[in-house]
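A closer look at the structure
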Amino acid sequence: MSEIPIKTRGWSIWLPLALFLGFVVLVAVGLFRPADRNVASTLIDRPLPAFALPAPLTQVPGLKSADLVQGRPRLLNVFASWCLPCQAEAPQLKQLAAAGVEIDGISVRDRPKTLQVFLARYGNPYRRIGADDAGKVQLALGSSGVPETFVIDGRGRIRYQHIGDIRPEHVPMLLDKLKAVQ
Amino acid sequence: MTAEVGLAALWLAAALALLQLIAGALALTARGEALAGVVRPVAVVQGVLALIAFAALVRVFAVTDLSVKLVALNSHSMKPLVFKIAAAWGNHEGSMLLWVTVMGLAGGFVALVERRLPERTMLATLAGQAFVSLGFYAFLLIASNPFERLDPAPAEGNGLNPLLQDLGLAFHPPTLYLGYVGLSIAFSFAIGALVTREVGPAFARAMRPWVLAAWIFLTLGITAGSYWAYYELGWGGWWFWDPVENASLMPWLAATALLHSCGVLAARNALRAWTIMLGVVAFSMSMIGTFLVRSGILTSVHAFAVDPTRGTFILALLAINIGGALVLFGLRAGTVTEGERFALVSREGALVINNVLLSAILGIVLFGTLYPLLAEALGAKVSVGPPYFNPVGALFFLPMLVVLAIGPLLRWRRDKLARFGKRLLIPLGVVALAAFVVVMIGGAGLLPFLGMALGAGLAVASLLPLRDRNLRRTPLPIWGMVLAHFGVAVALLGMASDSAWTVERLVALRPAESTSVGPWTVRLAQVDPVAGPNWTALEGKLDVRYRDGAVQTLRPQARNFWAPPQQTSESALLTRWNGQLYAVLGEEASGGRWQVRLWWKPFVTLIWLGGILIALGGVLAVIGHVASDLRRIVARGKIAYRREKQGR
């Protein structure tokens, strides 16, 4: 029967150190890079993925990707009634709608009853709302959370992605973006 | 005042750690030998001072002294006392203070009682322990002072994360920390041995009880943490491959490997460099785990305390401690003389295979935990979960079970497999029988099926080392080994049964409506509001029956905490000998219905029972080893005494 020699010499002795240094470099890169934990949409400047979402409520029509190709730029707002920042951005959406911007909504993992209460309380700026119960369309759009707002040009391409709630100071910027893609 | 006492004690402890490091290092040189006597007492006093600082922190939390910033941020006057105390370590600063306290106490305890190591190795060990501690003292005092005051003091505190307001969790972190940080002793021992090059059976025997003790706490901590996640998070799962869980599993895997290689070194004087390496790796895994959790670099459901600047500090500490230890290892391990040789088929051979497999699993878990980070550095975002960990881990875990069944039956040095072929007939028969039964019941996937068959075989095989032994004279460490291996089998059976035969049901019930889950009939009797000390809740009253048995009551709650405002669901569990019924009350649905989520989990409790058995096995082994060491010391003392008498 053969004996196993236990090698304690040679280059292998430095292997753990090399692995550890690799680890340190890796996490240092992770630590010092600007902390961007958002999934940036890779669809910017590309056509929208095809989808057709049913309406969650009877009072608004549902939303298909074809609805977004209107010859004029518009906003696509990904939201949910259960999301607090969405409540915070509601006045800004109302303001944008009042300025003549057409806004469509995708409500993610929502329930008709709570959505109804949400719209009654904060107003309905949406032309159409699609119910994305499994969040699949949201993911296909390259959106990782709610709220997010996409600027869609007249040919139905995503031109800009705004992550997080729309603050009052973002409104002029979004109006500029919409104008720029006209 | 208490806070200032605590801070002063912390500074003093840090100063003593510095003294311990310098004195320990100088005492190793020819000119500094006079300092040798200082090191042990300093280590003890340092531990006591750290304990005083920690006690001061517990006190300011217990009396809710809101002028201390940490208390204001993490506690609330309207909280039960036990959670006020638990809040002391339920935050970043407090848990770091607990970390250095455990390190200090462990070092002090070693300094006080450890007499088996050569004195020079002991000095180097204590200097190493002080070096590591110093980094954490600096971290506390510079970047996370737990005793910082607020002026003016706020009228009320922010409260503790309601998920943490649970009795099990109050004691989970200290247990886990005793394990994590207890491994620092193994790390320092390894450093000490590398410095003096004195690696041998005596060293292994000295190190083993400390490793075992830390390992027991880790085992218990992981078991308790898993049970906490199971009933508190209300997801019905017991392990999520979450980075924080992995952070506790990795040191455990390394410590388990270390434990076994220590056994080889103690008994056969083999695996010298490997044992040292594992000593370094085990505590490194504790530190890396802490870093991964604390830096917020990985997103995790456990991210209770996240801060990138602190992450940078801990990373620097890691680089110095682990990098330094590995450099020392590279320089010195080549000069540690080679140990004894042995054949592949032998006890040592089996233990080496066990070590390699454990290390492979450790590598898989580490890789899976870091992979999202690696992918992110390369520009992709991924999350790694059970679809990776379960099958890839099983690839190494299942062969390990086979080695685990055979290894303890092998002789040291060399053996023939043919010798005990007959003995294995019984476990092999049990494997076949279990496989047959599982197939007959049906519903099990491949991994649960293999788990159940091998688990049953291992349960029997783990008892075989007791055969042909006089049970009264069997040494305690053997009993410990048998019990721990049996525990692995028990836990495995629980895991396999849970994943094969769990029945889940999500229903919306009106009061007085019934449903069934597995063999249970469940009727929602009513939903009532109830109030606790710092929460209000809706409590569902479920009348449940197992087949035709008596009616029992389960009361799951949907709790609303008001400080800080947060909703948690308190699951309700009913434990039978053959499994658990698990109920969660969800939200109110339309039409006066309530969402109720039910699981029937056959034999799920075996998972944690197995964990406890494994830890208990460790306890037996510690008692056995320490007792035999004590006997040896007493005997040596007697011999010396007699010699002295005769000499006179």
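Residues numbered from 1 in each chain as written. Chains lettered and ligands numbered in written order. Predicted model: local features only at pLDDT ≥ 70, side-chain atom pairs only at ≥ 80, totals over all residues.

Things to note about the domain arrangement of chain B
All names here are of chain B. The following threshold applies: Reported domain spans reflect what an automatic or database domain assignment gives. Our contact criterion uses C-beta atoms placed from the backbone: two residues qualify when those atoms are within 7 Å. Only Asp, Glu, Lys and Arg are considered charged in this grouping, and only Ala, Val, Leu, Ile, Met, Phe, Trp, Tyr, Cys and Pro are considered nonpolar; every other residue, Gly among them, is considered polar.
Once the domains are mapped, chain B shows domain 1 (1-161), domain 2 (166-370) and domain 3 (503-602). Centre-to-centre, using C-alpha coordinates, domain 1 lies 44 Å away from domain 3. In this assembly, six residues from domain 1 lie in contact with four residues from domain 3. Residue composition of the side of domain 1 that touches domain 3, by class: two nonpolar, three polar and one charged.

Overview of the sheet that holds strand 5 (residues 103-108) of chain A
Residue and element names in this part refer to chain A. To keep things clear, this is the line we draw: What makes two strands pair is DSSP finding at least two bridges between them. Helix and strand assignments follow DSSP, with helices taken as H or I runs no shorter than four residues and strands as E runs no shorter than two, numbered in order from the N terminus. Geometry is summarised by axes, namely lines fitted to C-alpha atoms with helices restricted to the contacting stretch, and by angles between N-to-C directions that run from 0 to 180 degrees.
Read across the open sheet, the five strands follow the order 6-5-4-7-8; overall the sheet is mixed. Two strands close off the open sheet at either side, each with one partner strand: strand 6 (126-132) and strand 8 (158-163). On average, each strand axis in the sheet is tilted by 20 degrees relative to the strand beside it, whichever way the strands run. Sheet analysis places strand 5 next to strand 6, joined by six bridges and oriented parallel. Residue pairing for strand 6: Asp104 is matched across the bridge by Arg128.

Here's the deal with the pairing of strand 3 (residues 514-517) of chain B
Successive residues of a regular strand alternate their side chains across the two faces of the sheet. Residue and element names in this part refer to chain B. Two elements, strand 3 and strand 4 (residues 520-531), share four bridges in a ladder whose sense is antiparallel. Following the sheet pairing, Ser516 is matched in strand 4 by Thr521. In sequence, strand 3 turns back onto strand 4 through a hairpin of two residues, with Gly518 there showing a positive phi of about 55 degrees.

Thoughts on the packing of helix 2 (residues 36-62) of chain B against helix 5 (residues 92-113) of chain B
The angle between the axes and the distance between the axes are what describe a pair of packed helices. Residues and elements named next belong to chain B. Stated precisely, the cut-off is as follows: In these notes the angle categories are as follows: under 35 degrees is roughly parallel, over 145 is roughly antiparallel, 65 to 115 is roughly perpendicular, and the rest is oblique. In this scheme the crossing of two helices becomes right-handed for a clockwise turn of the near helix relative to the far one and left-handed for an anticlockwise turn of less than a right angle.
Packing of helix 2 against helix 5 leaves a shortest axis separation of 7 Å and a crossing angle of 150 degrees. Looking at the two axes, helix 2 sits roughly antiparallel to helix 5. Seen from above, helix 2 lies across helix 5 with left-handed handedness. Contact residues: helix 2 offers Arg40, Ala43, Val44, Gln46, Gly47, Val48, Ala50, Leu51, Ala53, Phe54 and Leu57, while helix 5 offers Gly94, Leu97, Leu98, Val100, Thr101, Gly104, Leu105, Gly107, Gly108, Ala111 and Leu112.

Focus: the environment of B:Ala55
With respect to the secondary-structure elements, B:Ala55 resides in helix 2. Distance from B:Ala55 to B:Glu513, taken between C-alpha atoms, is 52 Å for residues 458 residues apart in sequence.

Brief notes about helix 15 (residues 446-461) of chain B
Owing to its 3.6 residues per turn, the α-helix brings residues three or four apart onto one side. Residue and element names in this part refer to chain B. To be explicit about the condition: Expected helix span is computed as 1.5 Å times (number of residues minus one). Once C-beta atoms are placed from the backbone, each residue is buried if 20 or more other C-beta atoms lie within 10 Å of its own, exposed if 12 or fewer, and partly exposed for counts between those two.
For helix 15, which comprises 16 residues, the first-to-last C-alpha distance of 22 Å matches the rise-based estimate of 22 Å (1.5 Å per residue) to within 8%. With twelve of 16 residues buried, helix 15 lies mostly within the body of the structure. The complete set of buried residues in helix 15 reads Pro448, Leu450, Gly451, Met452, Ala453, Leu454, Gly455, Ala456, Gly457, Leu458, Ala459 and Ala461. Residues of helix 15 that are buried in the fold lie against helix 13 (386-406), helix 14 (425-441) and helix 16 (476-501).

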